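Here are the chains, one letter per residue:
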Amino acid sequence: MRIPFSEDLVQFRKLSSGLKAAYRGSDAHHRAERFDGWTRRAAAEDAGATGYDHTETVKEYYDLCSEFMVFGWGESLHFAPLSPGESLADSKIRHQRLMIAKLELREGMTVVDVGCGIGGPMRRVVREAGVRVVGVNTNEIQLEKARSLNAEAGLDHMVDYLACSFMDMRAITDGTFDRGYAIESTCHAPDKAAAFTEIYRVLKPGALFWGQEMCMTDRFDPDDSRHLALKRDLMHGIALNDIATFDNGNRALETAGFQVIEARDRAVGESGPTTPWYQPMETRHGTLGNALRRTPLGRKSLIGISRLAEALRVFPKGSADVIGLLDRTANAYVAGGRAGIFTPLYCFLARKPR
């Protein structure tokens, strides 16, 4: 018999220990305030100031937010096309299996996971395709989490890790990998064509490359002040230096030398009804416990719970401020999705010519 809320208590305990490990005694309140001002610092850099490094902003974003993302979204920190009646977790599994099929993965291959996060998709790729994976990530806290979860899953012997930026993978020789994928990672690149060029370099001739990008859709109007405001909110909340259009992404791939085989917004169904990709952040989607962590009411409640947990020293000081950042980001996601001008599901399959 399941004890009411017992699973939630276990998750809160995991969250507590995860936050303490991630923040390591630092002042999360101050760090959250500083992160919140990154766009002002970036604008000052554009005006001629020196010292701003967007790579550090992205790293801080994931240092602060990863544990809460896992708590509310699961170990696979990406969006997926949703179907009516399907849970978020099942949607992500289906989407990962689509990627595995599109990449034509076979046992014995070596694959690079570009910006691997904590390795949610990686574990499915290793488990179901039998390939070796090298996870590339500049965020060492996330890499530590990936190592731990891979070991817990009994898959650590199939994975290697490289702590570096995907903009500069000089530790990897040319033509190393049979396949590659980048899921919601290269959207953080300061220069998308340069990122794809570096990925192109480490792939073997003939290798396939799958990517999932956050993009402005064809409905985005750069002359519409409301559209521009929504784009700024999204950039600010997700730590994106810019948000590419579909054409921007395709041109960057071609500039790097890739042949684009297919590219489309998978948030738009080819046949039959689809559930909006942002629905889990707007209304209940899936089981009650998980859904409440993602909805506006659930996020507001979690802020209050976190303030109490901070007072009791269960959560590090400043945790509630981080949830506040994520709450505003979720609102920006929903607003961009409802307006039809933003998608996190622009997916492409490209090939490095033989």
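This text goes with the structure placed above it.
Since we're looking at a predicted model, the values are computed, not measured.

Trainee: Before we move on, can you summarise the pattern of salt bridges with the specific residues and values?
Mentor: In total, this model carries 22 salt bridges according to the counting rule given. A salt bridge links Glu-67 to Lys-145, with the nearest nitrogen and oxygen atoms 3.4 Å apart. With Glu-67 in helix 4 (residues 54–73) and Lys-145 in helix 7 (residues 140–152), the pair connects residues that are 78 residues apart, well separated along the chain. What makes Lys-145 partly exposed here is its relative accessible area of 25%. As a salt-bridge pair, Arg-123 and Glu-75 come within 3.1 Å of each other at their nearest N and O atoms. With Arg-123 in helix 6 (residues 120–129) and Glu-75 in the loop between helix 4 and helix 5 (88–103), this residue pair connects regions lying 48 residues apart in the sequence. Overlapping salt bridges bring together Arg-31, Lys-59, Glu-60 and Asp-63 as one network.

Trainee: How would you explain the nonpolar core if you had to name every residue and give the values?
Mentor: Membership of the largest hydrophobic core comes to 55 residues, with the highest contact counts inside it found for Trp-277, Met-281, Tyr-333 and Phe-342. In terms of residues, this core owes the most to one element, helix 13 (residues 319–339), which gives 10 residues. When neighbours within four sequence positions are excluded, Phe-342 is seen to be in contact with Met-214, Cys-215, Met-216, Thr-217, Leu-234, Ile-238, Ile-243, Trp-277, Tyr-333, Gly-336 and Gly-337. Counting 26 residues, the second-largest nonpolar core is a separate cluster that includes Val-134, Cys-164, Ala-256 and Phe-348.

Trainee: Requested: an account of helix 13, with residues and values cited.
Mentor: Note on helix geometry: an α-helix contains 3.6 residues per turn, so any two residues three or four positions apart are oriented the same way. For helix 13, which comprises 21 residues, the first-to-last C-alpha distance of 31 Å matches the rise-based estimate of 30 Å (1.5 Å per residue) to within 8%. Of all 21 residues making up helix 13, 16 are buried, and the element is well covered by its neighbours. Of the residues flanking the end of helix 13, it is Gly-340, one or two places downstream, whose phi is positive at about 75°.

Trainee: Got a sec to walk through the packing of aromatic side chains? Specific residues and values, please.
Mentor: Applying the stated criterion across every chain, the model contains 19 aromatic pairs. Summarising the aromatic geometry, the rings of Tyr-200 and Phe-258 are spaced 5.1 Å apart at their centres and angled 85° between planes, so their arrangement reads as edge-to-face. One end of the pair, Tyr-200, is in helix 8 (residues 192–202); the other, Phe-258, is in the loop between helix 10 (246–256) and strand 7 (259–265), and 58 residues separate them in sequence. Judged by centre distance (6.1 Å) and plane angle (40°), the ring pair of Tyr-333 and Phe-342 falls under tilted. For Tyr-333, a relative accessible area of 8% puts it in the buried group. What links up through ring pairs into an aromatic cluster is the set Trp-73, Phe-79, Trp-277, Tyr-278, Tyr-333 and Phe-342.

Trainee: Go over helix 7 with me, naming the residues and quoting the values.
Mentor: Its 13 residues place the ends of helix 7 18 Å apart at the C-alpha level, agreeing with the 18 Å of an ideal helix rising 1.5 Å per residue. The complete set of buried residues in helix 7 reads Ile-141, Gln-142, Leu-143, Ala-146, Leu-149 and Asn-150. Two or three places before Ile-141, at the start of helix 7, stands the capping residue Asn-139, its side-chain oxygen 3.1 Å from that residue's backbone nitrogen. Positive phi appears at Gly-154, one or two residues downstream of helix 7, with a value of about 75°.

Trainee: Describe the packing of helix 2 (residues 28–36) against helix 13, with residues and values.
Mentor: Contact geometry of helix 2 with helix 13 gives a least axis separation of 7 Å together with a crossing angle of 30°. The orientation of helix 2 relative to helix 13 falls into the category roughly parallel. Contacts from Ala-28, His-29, Ala-32, Phe-35 and Asp-36 of helix 2 reach helix 13 at Ser-319, Asp-321, Val-322, Leu-325 and Arg-328. Grouping the amino acids of the contact of helix 2 with helix 13 by side-chain chemistry returns 5 nonpolar, 2 polar and 3 charged.

Trainee: Please set out the packing of helix 5 against helix 6 residue by residue, giving values where relevant.
Mentor: Axis separation between helix 5 and helix 6 bottoms out at 10 Å; the angle between their running directions is 60°. Taken together, the axes of helix 5 and helix 6 are oblique relative to one another. Judged by the twist between their axes, the crossing of helix 5 over helix 6 is right-handed. In this structure, helix 5 contributes Ile-93, Gln-96, Arg-97, Met-99 and Ile-100 to the contact, and helix 6 contributes Gly-120, Pro-121, Arg-124, Val-125, Glu-128 and Ala-129.

Trainee: Describe a nonpolar patch on the surface, naming the residues involved and giving the relevant values.
Mentor: On the surface, Leu-308, Leu-312 and Val-314 cluster together into a nonpolar patch covering about 280 Å² of accessible area. Residue position: Val-314 is located in the loop between helix 12 (296–311) and helix 13. The class for Val-314 is partly exposed, based on a relative accessible area of 36%.

Trainee: Give me the side chain of Lys-231: which residues, what numbers.
Mentor: Here Lys-231 is to be found in helix 9 (residues 225–238). Judged by its relative accessible area of 15%, Lys-231 is buried. Excluding its chain neighbours within four sequence positions, the residues that come into contact with Lys-231 are Met-216, Phe-220, Asp-242 and Ile-243.

Trainee: Pulling in residues and values, what's your account of unusual backbone geometry?
Mentor: The phi angle at Glu-184 is positive, at roughly 55°, despite the residue not being glycine. Looking at where Glu-184 falls in the secondary structure, it is placed in the loop between strand 4 (177–183) and helix 8. Of note, Arg-313 is a non-glycine position whose phi angle comes to about 65°, a positive value. Note on placement: Arg-313 falls in the loop between helix 12 and helix 13. Arg-313 gets classed as exposed once you look at its relative accessible area, which sits at 71%.

What counts, and at which threshold
Residues numbered from 1 in each chain as written. Predicted model: local features only at pLDDT ≥ 70, side-chain atom pairs only at ≥ 80, totals over all residues. Heavy atoms only, no water. Salt bridge = Lys/Arg side-chain N within 4 Å of Asp/Glu carboxyl O. Helix = DSSP H or I, 4+ residues; strand = E, 2+ residues; numbered from the N terminus. Buried < 20%, exposed > 50% of the residue type's maximum accessible area, 1.4 Å probe, protein only. Core = buried A, V, L, I, M, F, W, Y, C linked by side-chain atoms within 4.5 Å. Contact = heavy atoms within 4.5 Å. Expected span 1.5 Å × (residues − 1). Phe/Tyr/Trp six-rings, centres within 6.5 Å; stacked < 30°, edge-to-face > 60°. Polar contact = N/O pair within 3.5 Å; in protein donor to acceptor, adjacent residues only side chain to side chain. Axes fitted to C-alpha atoms, helices over the stretch in contact; angles between N-to-C directions. Parallel < 35°, antiparallel > 145°, perpendicular 65-115°, else oblique. Nonpolar A, V, L, I, M, F, W, Y, C, P; charged D, E, K, R; others polar. Left-handed = near helix turned anticlockwise from the far one by under 90°. Patch = residues over 30% accessible without salt bridge, like charges linked within 9 Å, V, L, I, M, F, W, Y side chains within 5 Å. Areas by Shrake-Rupley, 256 points an atom, 1.4 Å probe, with all protein chains shown as cover.

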